[in-house]
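Given next are the chains, with one letter for each unit.
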Amino acid sequence: MRPSSDMAAFRAEFAKSKHVVVLTGAGISAESGVPTFRGAGGFWRKWQATELATPEAFSQNPSLVWEFYHYRRQVMLSKEPNAAHVAIAECEARLAKEGRRLVVITQNIDELHARAGSKNVIELHGSLFKVRCSNCGEVTVNKDNPICQALSGKGAPDPEAVDARIPVDQLPRCKVGGCGGLLRPHVVWFGEQLDDRVLSQTTDELHKCDICLVIGTSSVVYPAAMFAPELAMRGITVAEFNVEETPATQSFGYHFQGLCGSTIPQAVAP
């Protein structure tokens, strides 16, 4: 059975739902102009994200990894939530007034859902605008620009750009109680486990969910790739919104192809 693309049928099911889970990936942010660092052209300088977003890369060259994240933080200053982010946030507020719940579970680290007004957001992979001390473990919000003086003007993505090679004592440092430890981005890197509390929250929401929207995710990054197929196996209605089919498409009840900035507002409108 191929998934349906009948929007009226989906909206009828959505209207009866009490606990909506919206799973989002890089595709929703790509429509705001956020680089995905995936596939062809997914390079920063001569590296792919998979080579820099690792604990090993950070321990070997924290200056280079911080340049990469400084660039990503800078990029986000010029980006705005798009129509899909806004429609999800408005829908959450509307459903709350009706005693219904909508929660966003996102793989994105750009905070665009929160900026659009979403209140119930679980960030599976952390945030570009949080840092964690590699010494004391404290997690803090940090929107300083630049995050440290030595990174000012650094992080150019051009393959010819010269590495800044910033001394480790000039990189972002912990300000909590005189700790002074080296800060790292509070994001889940390749090879790292998801935070237990985040995973527990996610499991709870998925357990209560009665309809699920999967938006702009390639369905290949684990464990998130398993969330929607497992819901579908339980008989929960799952609708996928993407510019193309994914490895999971055939297991879902609905598939809406196209830019989510146009499909999502239509899907979740009053």
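Preceding block: the structure.
What you see is a predicted model; the values in this text were computed from it and never measured. (Residues numbered from 1 in each chain as written. Predicted model: local features only at pLDDT ≥ 70, side-chain atom pairs only at ≥ 80, totals over all residues. Heavy atoms only, no water.)

Draft legend 1. A look at the packing of helix α1 (residues 7-16) against helix α10 (residues 260-268). Where α1 contacts α10, the axes come no closer than 9 Å and their chain directions differ by 50°. Compared by their axis directions, α1 and α10 come out oblique. Of the residues in α10, those in contact with M7, F10, R11 and F14 of α1 are T263, Q266, A267 and V268. In terms of residue class, the contact of α1 with α10 is built from 5 nonpolar, 2 polar and 1 charged. (Axes fitted to C-alpha atoms, helices over the stretch in contact; angles between N-to-C directions. Helix = DSSP H or I, 4+ residues; strand = E, 2+ residues; numbered from the N terminus. Parallel < 35°, antiparallel > 145°, perpendicular 65-115°, else oblique. Contact = heavy atoms within 4.5 Å. Nonpolar A, V, L, I, M, F, W, Y, C, P; charged D, E, K, R; others polar.)

Draft legend 2. Representation of the sheet that holds strand β6 (residues 126-133) within the structure. In spatial order, the strands read β7-β6-β8; together these 3 strands make up an open sheet with antiparallel pairing. Each edge of the open sheet is held by one strand with a lone partner, namely β7 (139-141) and β8 (183-187). The mean angle between the axes of side-by-side strands here comes to 45°, regardless of whether they run parallel or antiparallel. Inspection of the sheet shows β6 paired to β8 by 4 bridges, in the antiparallel sense. (Pairing = 2+ DSSP bridges.)

Draft legend 3. Quick look at the pattern of salt bridges. For the structure on display, the rule yields 12 salt bridges. Here D163 and R45 are joined by a salt bridge, their closest N and O atoms 3.1 Å apart. Of the two residues, D163 sits in the loop between β7 and β8 while R45 sits in the loop between β2 (43-44) and β3 (47-48), which places them 118 residues apart along the sequence. You can call R45 buried: its relative accessible area is 5%. Among the ionic pairs, R101 bridges to E205, the shortest N-O distance being 2.6 Å. Of this pair, R101 sits in strand β4 (residues 101-106) while E205 sits in helix α8 (residues 196-208); the two residues are 104 residues apart in sequence, bridging distant segments of the chain. Take R101: its relative accessible area is 30%, and that puts it in the partly exposed class. For E205, a relative accessible area of 8% puts it in the buried group. (Salt bridge = Lys/Arg side-chain N within 4 Å of Asp/Glu carboxyl O. Buried < 20%, exposed > 50% of the residue type's maximum accessible area, 1.4 Å probe, protein only.)

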